[in-house]
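Overview (structure and organization)
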Amino acid sequence: MSIRGNVAVIGVGMIPFGELFEKSFNDMAQEAFMNCVNNVDKGFDPKDIKAAWFGQWSGGGMIGQGVLAGTSLATILGLRDIPITRIENGCPTGNDTFRNAVIGVASGAYDVCLAFGAEKMRDKPGVESLVAAGGGGGGILGLHPSWMLGMGGPVLQALYATRQMHELGYTMEDYARVAVKNHHNGVACPYAEYRFEVSIERVLNSPVVCWPLHLLDCCPQTDGAACAIVCRADLAKKYTDKPVYVLGTATGVDYQDMWDKHSFIEMLPTIKAAKAALTMAGIAPNDIDLAEVHDCFTNTELMNIEDIGFCKKGEAAALLKEGYWNRDGAKPINPSGGLKAHGHPIAATGLGQICENFWQLREEVGQERQVKLKNGIALSHNVGGGGFGVSAINILGREP
Amino acid sequence: MWEREKITQPAPASPLFWRLNADVYQLLGAKCPDCNHITYPRRKICPSCGSFKVEDYQLSKSGTVHTFCINWTPPPGLEPPIVNVIVDLDGGGRYQGLLTEVANPEEVQIGTRVQMVLRKVMKDRGLDIYGYKFRLEKEG
C-alpha cells in the first residue's frame with residue numbers, strides 16, 4: 001500500500017507554547033491530547049488509537065527524570081493497552097514522529113495512530129538546559145572533547161550564516177528581516193510564544209550571541225506539547241467531514257560532523273527529504289500554498305526555503321524583501337510565526353507545525369491570518385540533530 | 001550529584017582518551033580510496049560512500065579559514081569572545097576548532113591563513129587536557 005492519499009489526519013491538538021512554569025510535563029501533554037480528542041468533529045474515543053509514537057528529545061534530563069519512554073506516554077495519557085515507541089531524532093523529532101505514525105497506518109498494521117510530542121525546556125535556565133539534555137554540541141559519539149570545544153546551537157548555524165554572507169552576499173539585515181516577518185505572524189497566532197513586533201533596527205541592536213547572529217536572530221527554548229491523530233483514509237469520514245490527507249512524508253540524513261559537510265550554504269538532509277516527500281506527493285514546490293520551515297535561526301529559514309526548492313539558491317533574501325514569503329504574499333512561509341516567534345519545544349515543534357497546517361487547510365485560523373489557498377497543499381519541515389544532519393518533511397493536502 | 005558525575009564522566013585516562021591519541025595528537029585521519037573523501041578521526045567505514053577500504057591519512061597543520069563565527073556566549077569555562085573556525089587543511093580534510101592569540105576577532109576572515117598549535121584546552125579533575133587550536137599564520 002502506498003502512503004500518498006491513503007492516510008488521513010482527523011484531528012490535531014496543542015497548547016499555546018511558552019515559558020510554562022505553572023505547568024508540568026504531564027499537564028502540557030494531557031492538555032494537548034485532550035484538546036486534540038475533544039476537537040475531532042464527530043467525536044473520538046481514545047480507545048480507537050491502536051498504536052502511538054512519542055516524540056521526546058531531551059529524554060527527561062531537563063525535568064529531573066531518568067528516562068522518558070513509551071511507558072511514560074502510556075501513563076500520562078491513559079493508553080496502557082497499545083504499543084508506544086519513543087522517537088528521538090533531534091530537532092526533526094516532531095515531523096519524524098508524525099511520519100512513523102503515518103507509516104503505522106499505511107503499513108496496514110493499525111487503523112488509527114497517534115503522533116505525540118512534548119518538551120519541557122524552561123525549568124532550567126538557557127545554557128544549563130541544553131547541557132542537561134546533552135545538546136549544545138558537547139561530547140557526541142565519543143568524540144574527543146577538544147574537537148567540540150566552544151560549540152553550541154548558535155555556533156552551528158553562525159558557521160553557516162557567515163558562509164552564506166560570503167558566497168551569496170546575504171547581510172545581517174537580510175537575516176533580521178526574517179525575524180521581522182515571523183514576529184509579525186506570531187502576533188496574530190494565539191498559540192505563539194512571542195506575540196510582539198520587532199524592527200530590523202531592534203534585531204540588529206540586540207546583543208550579539210554569536211556573530212553574525214544577534215539575540216533576536218535566535219529562536220527561544222520553549223515548553224510545549226502538540227499531537228495529531230492519523231487514520232486510514234477510507235475510515236476518516238467516520239470522524240470528520242473535513243479530513244486532511246498525507247500526500248508525502250520523508251526523512252533525510254547526512255553527515256553529523258561539521259568538518260565532513262560538503263557546503264555551508266545548503267543542507268543535504270533537507271534537500272534529500274524534500275525530494276523524497278515531493279516525489280511521493282507527485283508535486284513540485286510551486287504547487288504548495290504555504291510552508292512551516294525550520295527557522296531556529298533567521299539565516300536557517302533562508303537556507304531551507306532554497307533547499308526545499310521554493311526558489312533558487314541565493315534568491316530567498318531578495319524575495320523576502322519584496323514580501324514574497326509574507327503571510328499575504330505569494331508563498332507564505334511560517335504563518336504561525338515559525339520557531340522564531342511561535343517557539344521551539346523541540347519534539348513538539350514539528351507537530352505544532354502540522355497543527356497549524358491542518359487548521360490553515362481547513363480555513364479555521366480566522367480571517368486575519370488565513371493564507372490564500374490555491375491547491376490546498378501545505379508543507380512542514382524541520383532540520384537539526386547532531387550537526388544539523390537530519391531533516392523531516394510532511395506534506396498535507398485537502399484532497400487525497 | 002557529585003558521585004554520579006564521577007561515575008559517568010570519562011576520566012583523563014579513560015579508554016576514550018588513549019584510544020584517540022594518534023588521531024588527536026598526530027592528526028591521523030582517514031582517506032577513502034574509492035571516493036577520495038577525507039575524514040577525521042579515523043574510521044573503519046567511509047562516512048561518504050560506505051567503503052570498507054579506508055586508509056590512514058596524515059592531516060596537515062596549516063590551512064585556510066573556510067568559515068568562522070565570533071562566539072559571545074560560549075559554554076561554561078570559556079571566556080568570551082571566542083572564535084570558532086572550520087579550516088580547509090592544506091592537502092585536504094577539514095578541522096573544527098578555536099582560534100587562539102587573536103587580539104582582534106575582526107582580523108579573521110574567510111580565507112585567512114592559520115596554523116595549528118598545541119594548547120591546554122580543558123581541565124579534568126586537576127589534569128590538563130591538551131589539544132590543537134589555530135593561530136594566525138605569521139607574515140612571510
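Residues numbered from 1 in each chain as written. Chains lettered and ligands numbered in written order. Predicted model: local features only at pLDDT ≥ 70, side-chain atom pairs only at ≥ 80, totals over all residues. Heavy atoms only, no water.

Right, let's talk about the domain arrangement of chain B for a bit. Residue and element names in this part refer to chain B. You can read the domains of chain B as domain 1 (14-59) and domain 2 (60-140). On a C-alpha basis, the centroid separation for the pair domain 1 and domain 2 is 21 Å. Counting residues at the interface gives 9 residues for domain 1, matched by 13 residues for domain 2. Taking both sides of the interface into account, the surface hidden between domain 1 and domain 2 amounts to around 830 Å²; carbon and sulfur atoms contribute 66%. (Domains from an automatic or database assignment. Contact = heavy atoms within 4.5 Å. Buried area = accessible area lost by both parts, 1.4 Å probe.)

On the side of chain A, 29 residues touch chain B, which itself brings 39 residues to the contact. It is Arg 94, Gln 96 and Ile 110 of chain B in chain B that bury the most area against chain A; as a group they hold 21% of the surface buried on that side. One can count 2 salt bridges joining chain B with chain A. One salt bridge in this structure joins Arg 43 of chain B and Asp 257 of chain A, with 2.6 Å as the shortest N-O distance. One can count 15 residue pairs in polar contact (both at pLDDT 80 or more) joining chain B with chain A. Taken together, the elements giving at least two residues each to the side of chain B that touches chain A come down to helix H2 (15-19), helix H3 (21-25), strand E2 (38-39), strand E4 (62-71), strand E5 (82-89), strand E6 (94-98), strand E7 (113-124) and strand E8 (127-136) of chain B. Among the elements that line the side of chain B that touches chain A, the one with the most residues is E4 of chain B, at 6 residues. As defined by bridge partners, strand E5 (residues 208-211) of chain A adjoins E4 of chain B across 2 bridges and the pair is classed as antiparallel. Opposite Cys 210 of chain A, over in E4 of chain B, you have Asn 71 of chain B as the bridge partner. (Salt bridge = Lys/Arg side-chain N within 4 Å of Asp/Glu carboxyl O. Polar contact = N/O pair within 3.5 Å; in protein donor to acceptor, adjacent residues only side chain to side chain. Helix = DSSP H or I, 4+ residues; strand = E, 2+ residues; numbered from the N terminus. Pairing = 2+ DSSP bridges.)

Here we take up the pairing of strand E1 (residues 7-14) of chain A. Residue and element names in this part refer to chain A. Taking burial as the measure, the 8 residues of E1 include 8 buried ones, the bulk of the element. Two elements, E1 and strand E7 (residues 224-232), share 7 bridges in a ladder whose sense is antiparallel. Bridge pairing in E7 places Gly 11 opposite Ile 229. (Buried < 20%, exposed > 50% of the residue type's maximum accessible area, 1.4 Å probe, protein only.)

Turning our attention to the packing of aromatic side chains. All names here are of chain A. Inspection of the entire model under this criterion finds 11 aromatic pairs over all chains. Measuring from centroid to centroid gives 6.4 Å for Trp 53 and Tyr 110, while their planes differ by 70°, and the two rings are edge-to-face. Of this pair, Trp 53 sits in strand E2 (residues 51-55) while Tyr 110 sits in the loop between helix H3 (93-106) and strand E4 (112-119), and the two are 57 residues apart along the sequence. A relative accessible area of 13% places Trp 53 in the buried class. Taken together, a centroid distance of 5.1 Å and an interplanar angle of 55° make the contact between Tyr 160 and Phe 264 tilted. Placement of Tyr 160 in helix H5 (residues 153-168) and of Phe 264 in the loop between strand E8 (244-253) and helix H8 (268-281) is noted, with a sequence separation of 104 residues between them. Residue Phe 264 is classed as buried on the basis of its relative accessible area of 0%. Among the aromatic side chains, those forming a connected cluster through ring pairs are Phe 25, Phe 54 and Phe 116. (Phe/Tyr/Trp six-rings, centres within 6.5 Å; stacked < 30°, edge-to-face > 60°.)

Residues and elements named next belong to chain A. With 14 residues, H3 should cover 20 Å at 1.5 Å per step; its first-to-last C-alpha distance of 20 Å lies within 8% of that length. Extensive coverage of H3 is indicated by the burial of 11 of its 14 residues. Every buried residue of H3 is accounted for by Thr 93, Gly 94, Asn 95, Asp 96, Thr 97, Phe 98, Ala 101, Val 102, Gly 104, Val 105 and Ala 106. Just past H3, the residue Gly 108 takes up positive phi, approximately 90°. (Expected span 1.5 Å × (residues − 1).)

Residue and element names in this part refer to chain A. The sheet built from 9 strands is open, its strands ordered E3-E2-E4-E7-E1-E8-E11-E10-E9 with mixed pairing. Two strands bound the open sheet, and with one partner strand each, they are strand E3 (84-87) and strand E9 (290-292). Sheet twist, expressed as the mean angle between neighbouring strand axes with direction ignored, is 25°. Bridge count for E4 against E7 is 8 bridges, and the pairing is antiparallel. Counterpart to Ala 118 in the pairing with E7 is Ala 225. Running at roughly 150° to E8, H8 makes contact with E8, strand E10 (377-384) and strand E11 (390-397) of the sheet. Sitting on the sheet, helix H12 (residues 346-361) touches E1, E2, E4, E7, E8, E9, E10 and E11, and the angle it makes with E10 is about 170°. (Axes fitted to C-alpha atoms, helices over the stretch in contact; angles between N-to-C directions.)

A few words on the nonpolar core. With 90 residues, the main nonpolar core has Phe 33, Phe 44, Leu 114, Phe 116, Trp 325 and Ile 395 of chain A as its most contacted residues. Formed by 34 residues, the second largest nonpolar core is a distinct cluster that contains Ile 3, Ala 51, Trp 359 and Val 365 of chain A. (Core = buried A, V, L, I, M, F, W, Y, C linked by side-chain atoms within 4.5 Å.)

What follows concerns the packing of H8 of chain A against helix H9 (residues 298-308) of chain A. When two helices pack together, their arrangement is captured by the angle between the axes and the distance separating the axes. Residue and element names in this part refer to chain A. For the pair H8 and H9, the least separation of the axes is 8 Å and the interaxial angle reads 40°. The pairing of H8 with H9 is recorded here as oblique in orientation. Handedness of the crossing formed by H8 with H9: right-handed. For the pair H8 and H9, the contacting residues are Thr 270, Ile 271, Ala 274 and Leu 278 in the first and Asn 304, Asp 307 and Ile 308 in the second. Along the lines of polarity and charge, the residues of the contact of H8 with H9 split into 4 nonpolar, 2 polar and 1 charged. (Parallel < 35°, antiparallel > 145°, perpendicular 65-115°, else oblique. Left-handed = near helix turned anticlockwise from the far one by under 90°. Nonpolar A, V, L, I, M, F, W, Y, C, P; charged D, E, K, R; others polar.)

Moving on to the pairing of E10 of chain A. For a regular strand, the rule is simple: side chains alternate between the two faces of the sheet. Residues and elements named next belong to chain A. With 8 of its 8 residues buried, E10 lies for the most part within the structure. Taking every second residue as pointing to the same face, both faces of E10 are buried, with Ile 377, Leu 379, His 381 and Val 383 on one and Ala 378, Ser 380, Asn 382 and Gly 384 on the other. Note: E9 against E10, 3 bridges, orientation parallel. When the bridges of E10 are listed, Leu 290 appears paired with Ala 378. Across 8 bridges, the pairing between E10 and E11 is antiparallel. Following the sheet pairing, Val 383 is matched in E11 by Ser 391. Adjacent in sequence and paired antiparallel, E10 and E11 are bridged by 5 residues, among which Gly 385 carries a positive phi angle near 75°.

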